[in-house]
Amino acid sequence: MNLLSIQSHVAYGHVGNASAVFPLQRLGVEVWPIHTVQFSNHTGYGAWRGQVFEAGVISDVLEGIAERGALPRCDGVLSGYMGSADIGAAILDAVARVRAANPKADYCCDPVIGDVGRGIFVRPGIPEFMREQAVPAAEVITPNQFELELLSGHTVTDQADAVAACAALHAAGPRVILVTSLHTRETPKDAIDLLASGPDGRFLVRTPRLDVALNGAGDAIAALFFFHVKRTGSTAAALEAAASSIFGLLERTEKAHSRELLLVEAQDEFVKPSKVFTPVAV
Ligand SMILES: Nc1ncnc2c1ncn2[C@@H]1O[C@H](COP(=O)(O)OP(=O)(O)O)[C@@H](O)[C@H]1O
Ligand SMILES: Cc1ncc(COP(=O)(O)O)c(C=O)c1O
């Protein structure tokens, strides 16, 4: 499988492409990363150095890949945090070019907008861009609970609300939805839910809540989920594999008291997770 992954990149630590690329490679995917920024480290440290690339760089690198004649072999595009609407437009152009070369290619959009604790943390215009352009163009999306509410216009208090919100988003385009970090009235305090919704049904996985506050887990789970959807064609199987791998990764990271995901050290979790969380139909 060949996947184009258009995301931010950090030299030190693991967010964006530095979180998504290696797990895919470990699973045998040929990844073509295009970086939207190159920073020293993620912004959670409060200080970082590096550069935000212009949207033109994305189109230029894509043009070079096209010149190699590779686009018909591209099976999908994955995107994450978008620093500006220009970057967003360049990403959707890339999706359109890939689709023109391979009509079977899919687009997975992690519609990064914000989260429950922090509210919106992207630039003005990005939430609208996600809702009006990126989400309708995507086959697979991976919103967290905050993004699910914002994109669907539904308040999510219980599981039924989350299912209804997913139904509203399916109507906008995406065939498969993974809701991350879901906490409804039914979720115990010491647990985290993941809800996946697709043509084969709706499924829930509940894992223990670990004592970690890390960046990049969302980027890794989006990559894993997209890969397993494409590999299996099953929403339930993709949820099981992605949720189990991420839990294993985070548990190892917690044990080591690491501030960064132990992506390399815990790489076997991507292939054979220590614990398997079997989804239940909801
Ligand atoms: N403290 C935690 N305990 C257990 N699992 C977690 C924890 N934090 C994140 N995860 C797992 O990682 C997934 C993605 O995390 P999320 O917080 O949505 O990512 P991000 O904020 O990096 O976008 C969650 O759905 C959950 O499965
Ligand atoms: C450049 C960059 N990309 C992506 C992320 C993803 O972070 P999170 O996993 O917290 O959503 C971060 C977070 O700090 C970042 O700094």
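Keep in mind the model is a prediction, meaning the values are calculated, not measured. (Residues numbered from 1 in each chain as written. Chains lettered and ligands numbered in written order. Predicted model: local features only at pLDDT ≥ 70, side-chain atom pairs only at ≥ 80, totals over all residues. Heavy atoms only, no water.)

A few words now on the site of ligand 1. Ligand 1 sits among 13 residues. The nearest are T180, S181, L194, L210 and G218. The separation between an oxygen atom of ligand 1 and a polar side-chain atom of T180 is 3.1 Å. Separating a nitrogen atom of ligand 1 from a backbone N or O atom of L210 is a distance of 2.8 Å. Counting residues per element, the ones that place at least two in the shell around ligand 1 are strand 9 (176-182), strand 10 (191-198), helix 7 (217-232) and helix 8 (235-255). Along the lines of polarity and charge, the residues of the shell around ligand 1 split into eight nonpolar, four polar and one charged. (Near = heavy atom within 4 Å. Polar contact = N/O pair within 3.5 Å; in protein donor to acceptor, adjacent residues only side chain to side chain. Helix = DSSP H or I, 4+ residues; strand = E, 2+ residues; numbered from the N terminus. Nonpolar A, V, L, I, M, F, W, Y, C, P; charged D, E, K, R; others polar.)

Before going further, it helps to spend a moment on the packing of helix 2 (residues 55-67) against helix 3 (residues 85-101). Orientation of helix 2 relative to helix 3, taken along the N-to-C sense of each, is 15°, at an axis distance of 8 Å. When the axis of helix 2 is compared with that of helix 3, the two are roughly parallel. In terms of crossing hand, the pair formed by helix 2 and helix 3 is right-handed. Together, A55, I58, S59, L62, E63 and A66 of helix 2 and D86, I87, A90, I91, A94 and R97 of helix 3 make up the contact between the two elements. (Axes fitted to C-alpha atoms, helices over the stretch in contact; angles between N-to-C directions. Parallel < 35°, antiparallel > 145°, perpendicular 65-115°, else oblique. Left-handed = near helix turned anticlockwise from the far one by under 90°. Contact = heavy atoms within 4.5 Å.)

Moving on, we get to helix 7. Between the first and last C-alpha of helix 7 there are 22 Å, a value that for 16 residues agrees with the 22 Å anticipated at 1.5 Å per step. The element helix 7 is extensively covered by neighbouring structure, given that 12 of its 16 residues are classed as buried. Here helix 7 has its buried residues at A217, D219, A220, I221, A222, A223, L224, F225, F226, F227, H228 and V229. (Expected span 1.5 Å × (residues − 1). Buried < 20%, exposed > 50% of the residue type's maximum accessible area, 1.4 Å probe, protein only.)

In this section: unusual backbone geometry. Non-glycine residue S181 carries a positive phi angle of around 45°. Assignment of secondary structure puts S181 in strand 9. At H257, a position not held by glycine, the phi torsion is positive, near 50°. Mapped onto the elements, H257 comes out in the loop between helix 8 and helix 9 (268-271). Exposure remark for H257: the relative accessible area of 74% places this residue in the exposed category.

The next subject is the packing of aromatic side chains. Here the structure, examined in full by the defined rule, presents three aromatic pairs. With a centroid separation of 6.4 Å and an interplanar angle of 55°, the aromatic rings of Y12 and Y45 are classed as tilted. With Y12 in the loop between strand 1 (2-10) and helix 1 (17-26) and Y45 in the loop between strand 2 (30-39) and strand 3 (50-52), this residue pair connects regions lying 33 residues apart in the sequence. You can call Y12 exposed: its relative accessible area is 51%. Y45 sits in the partly exposed class, given a relative accessible area of 28%. Look at F247 and F277: their rings are 5.0 Å apart centre to centre, the planes differ by 70°, and that puts the pair in the edge-to-face class. Of this pair, F247 sits in helix 8 while F277 sits in the loop between helix 9 and strand 12 (280-281); the two residues are 30 residues apart in sequence, bridging distant segments of the chain. (Phe/Tyr/Trp six-rings, centres within 6.5 Å; stacked < 30°, edge-to-face > 60°.)

A word on the pairing of strand 4 (residues 76-79). For a regular strand, the rule is simple: side chains alternate between the two faces of the sheet. Here strand 4 shows no split at all, with G76 and L78 on one side and V77 and S79 on the other all buried. Sheet topology note: the strand 1/strand 4 ladder contains four bridges and is parallel. Its bridge partner being in strand 4, I6 is matched across the sheet by S79. Looking at chain direction, strand 4 and strand 5 (residues 106-109) are connected through four bridges and run parallel. Bridging across to strand 5, G76 finds its partner in D106. Once the chain exits strand 4 it traverses helix 3 before rejoining the sheet at strand 5, and the crossover so formed is right-handed. (Pairing = 2+ DSSP bridges. Right-handed = clockwise from strand over helix to strand, strands pointing away.)

A word on the environment of L27. Assignment of secondary structure puts L27 in the loop between helix 1 and strand 2. When residues no more than four places from it in sequence are discounted, the contact partners of L27 are L224, F227, H228, F270 and V271.

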